[in-house]
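# Secondary and tertiary structure notes
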Amino acid sequence: LAGLLGITVFLGLVIFLPLPEAPIPQATKVYDIEGRLISSLFVENRTVLPPSEIPDVLKKAVVAVEDKRFYSHHGFDLQAIARALITNIKAGEVREGGSTISQQLAKNRFLTHERTLKRKIIELVYTLKLEMQCSKDEILTGYINEIYWGHGFWGCEVASRGYFGKSAKDLTLAEAALLAGIIRSPEYYSPYHNMDKAIQRRAVTLALMKEQGYITPEEEAAANEEPVRLSGLPKSAAPYFVSYVVADIGTRHPEVAKNIYRGGYQIYTTLDLEIQKAAEDAFAKYMPQGEKDSQGITQPQGALVAMDPATGYIKALVGGRSWEETQLNRAYQVRRQPGSAYKPFLYSAALE
């Protein structure tokens, strides 16, 4: 009777409990006047791609290494659960999980990571609801767009650009296999941290793809020989200018500002990254070496703003020596006497 009651309650939850709304945080992008990316603002640095822009080679690689029976089960893989149980019992500790892609998506999208029986039951309910309401491709796309890939990269598009400097739709087989391989432990298998481990995981993924019929032996061999070409970890350009933009939006458009780190906005500015680079180089060249004060901030400090006199457009802005050292933006947050800065205006008026 207790078992029947439990099953009845569980089925009732599956039928009547709706999936909660779960908006996926996306990074806001800030661009310069030529449409070049200056910086991303985010809680989770993510750009969501539609299914058509996620390459089949990445989908196959993820399925091969994460959930090989993804297309045949209905949310739960009993074989994987049994295998993980046996492995963990033999090891005397948790070494392997039996979660499917559907389960992981349900957990990541709707739930916390607490380890309680209640959360696990709700996870099972949400997994079945996902399988009932979404196609396999929608579930796989959601998973690939949402998971963490290390170094602050969320989702395949940001990960692809962070590791290889290209959009996910342009990934090669070898690159897709490397990305899929590091999902298990992104920071441990990251090629930025350990290239040998990353290449070993790529080989494991490629072997699984061949075993499951996704690629030929020749394709596997060619991908294993492909060198890993990393783009280098991205750095935010013009952080003082970006902070000024965020503050300005907060004043002019508070309804946008309150969601700016999650809303996936596209912000186009007047900054020119080439002029910004020249301004930063000049600032670094002509500022004296200086010494750190009692707060650990190098003194003297300074600021630089370059504007187009015809339009008033800000073309470059430097608010201090180092954003990492101090976020006080001396270009607009500090009020000082103008001193000799007024002379060009006086002299130009006199000459005119």
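Summary of the structure given here. Owing to the predicted nature of the structure, the values given are computational and were not obtained by experimental measurement.

## Some points on the packing of aromatic side chains
Applying the stated rule across the entire model yields ten aromatic pairs. Ring centres of Phe 153 and Tyr 163 lie 5.4 Å apart, and the angle between their planes is 80°; this geometry places the pair in the edge-to-face category. Pair noted here: Phe 153 is in strand β4 (residues 153–154) and Tyr 163 is in helix α7 (residues 156–164), with a separation of ten residues, a long-range link. On the accessibility criterion, Phe 153 (3% relative accessible area) is buried. Residue Tyr 163 is classed as buried on the basis of its relative accessible area, which comes to 0%. A cation over an aromatic ring shows up here: Lys 136 above the ring of Phe 70, its NZ or CZ 4.5 Å from the ring centre. Sitting above the plane of the Tyr 189 ring, Arg 201 keeps its charged end 5.1 Å from the centroid.

## Describing the environment of Glu 53
Within the secondary structure, Glu 53 is located in the loop between β3 (45–46) and α2 (56–66). Considering only alpha carbons, one finds Glu 53 and Thr 141, 88 residues apart in sequence, at a separation of 9.8 Å. Those residues in contact with Glu 53 that lie beyond four places of it in its chain are Ala 168 and Lys 169.

## Digging into the pattern of salt bridges
Summed over all chains, the structure comprises 13 salt bridges. A salt bridge links Arg 252 to Asp 248, with the shortest nitrogen-to-oxygen separation between them at 2.8 Å. Residue Arg 252 and its partner Asp 248 are both found in helix α12 (residues 239–252); the two are separated by four residues, about one turn of the helix. Taking the relative accessible area as the measure of exposure, Arg 252 reaches 58% and is therefore exposed. Three or more residues are tied together by salt bridges with common partners; here these are Asp 32, Arg 36, Asp 272 and Glu 274.

Conventions and cut-offs
- Residues numbered from 1 in each chain as written.
- Predicted model: local features only at pLDDT ≥ 70, side-chain atom pairs only at ≥ 80, totals over all residues.
- Heavy atoms only, no water.
- Phe/Tyr/Trp six-rings, centres within 6.5 Å; stacked < 30°, edge-to-face > 60°.
- Helix = DSSP H or I, 4+ residues; strand = E, 2+ residues; numbered from the N terminus.
- Buried < 20%, exposed > 50% of the residue type's maximum accessible area, 1.4 Å probe, protein only.
- Lys NZ or Arg CZ within 6 Å of the ring centre and 35° of its normal.
- Contact = heavy atoms within 4.5 Å.
- Salt bridge = Lys/Arg side-chain N within 4 Å of Asp/Glu carboxyl O.

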